[in-house]
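Chain residues, written in single-letter form:
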Amino acid sequence: MFHQTIVRVRAGTRTDRGGNDVTDWSSGKVARLPVARVSVQPATQTEANDATRSQAVTGWQVISAPGVDADIRAGDRIEWGGMTLDVVGEVGRFMDFVDSSTHHIEFVMRRSTG
């Protein structure tokens, strides 16, 4: 069941003209982290149409194998299946009842088009 691998992509930062640190998603600034032993399952799909565009939002639930805890957080992106997806909300870390370590993680990722 946990035979898939995703890649966590985290933005770097750069200084803007005003001297502020801002998010930088350029290829030389991002940090990538492969995360193996996960299961990616379809979760949601919605479509909306108006006079100017059509939008589709597709979501997936990611669950790690027992013992897998990865440095993934809200605001990160995930590369998987030839797509770049957004991590939605916080990552759930489920605790092991025996030793209080992380048993596994779960989170939702989504792709918006349109």
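Structure: above.
Residues numbered from 1 in each chain as written. Predicted model: local features only at pLDDT ≥ 70, side-chain atom pairs only at ≥ 80, totals over all residues. Heavy atoms only, no water.

Draft legend 1. Representation of the environment of Gly 12 within the structure. Take Gly 12: it is sitting in strand E2 (residues 12-15). Here the alpha-carbon distance between Gly 12 and Lys 29, two residues 17 residues apart in the chain, equals 4.8 Å. In contact with Gly 12, other than residues within four places in its own chain, are Val 22, Thr 23, Asp 24, Lys 29 and Val 30. (Helix = DSSP H or I, 4+ residues; strand = E, 2+ residues; numbered from the N terminus. Contact = heavy atoms within 4.5 Å.)

Draft legend 2. Examining the side chain of Ser 39 more closely. When you line up the elements, Ser 39 lands in strand E4 (residues 31-49). Overall, the relative accessible area of 1% leaves Ser 39 in the buried class. Reaching out from Ser 39, the side chain makes a polar contact with the side chain of Gln 41 at a distance of 2.8 Å. (Buried < 20%, exposed > 50% of the residue type's maximum accessible area, 1.4 Å probe, protein only. Polar contact = N/O pair within 3.5 Å; in protein donor to acceptor, adjacent residues only side chain to side chain.)

Draft legend 3. The pattern of salt bridges, seen in detail. Tallied over the entire structure, the rule returns six salt bridges. Arg 32 serves as the salt-bridge partner of Glu 79, at 2.8 Å between the closest nitrogen and oxygen. With Glu 79 in strand E6 (residues 77-80) and Arg 32 in strand E4, this residue pair connects regions lying 47 residues apart in the sequence. By relative accessible area, Arg 32 is classed as partly exposed at 46%. Close ionic contact of Arg 77 with Asp 86 constitutes a salt bridge, the shortest N to O distance being 3.7 Å. Judged by its relative accessible area of 36%, Asp 86 is partly exposed. Taken together, the shared-partner salt bridges connect Arg 8, Arg 10, Asp 71 and Asp 76 into one network. (Salt bridge = Lys/Arg side-chain N within 4 Å of Asp/Glu carboxyl O.)

Draft legend 4. Highlighting the nonpolar core. The biggest cluster of nonpolar side chains holds 19 residues, and the ones touching the most others in it are Ile 6, Val 40, Ile 72, Ile 78, Trp 80, Phe 107 and Met 109. Sorting the residues of this core by element identifies E4, strand E5 (54-64), E6, strand E7 (83-95) and strand E8 (102-113) as the ones contributing at least two each. With four residues, E7 is the single largest residue contributor to this core. Excluding residues that lie within four positions of it along the chain, Trp 80 makes contacts with Gln 4, Thr 5, Ile 6, Val 40, Trp 60, Leu 85 and Met 109. (Core = buried A, V, L, I, M, F, W, Y, C linked by side-chain atoms within 4.5 Å.)

Draft legend 5. Layout of unusual backbone geometry. Phi angles above zero are rare outside glycine, and Arg 37 is one such case at about 65 degrees. Mapped onto the elements, Arg 37 comes out in strand E4. Accessibility expressed as a relative area gives 44% for Arg 37, which makes it partly exposed. Phi at Ser 100 takes a positive value of approximately 65 degrees, unusual for a residue other than glycine. By the secondary structure assignment, Ser 100 is in the loop between E7 and E8.

Draft legend 6. Local environment of the environment of Arg 14. Take Arg 14: it is sitting in strand E2. The spatial distance from the C-alpha of Arg 14 to the C-alpha of Asp 99 is 40 Å, given a sequence separation of 85 residues. For Arg 14, the residues in contact, after removing those within four places along its chain, are Asn 20, Asp 21, Val 22 and Asp 24.

Geometric values such as these leave the question of function open.
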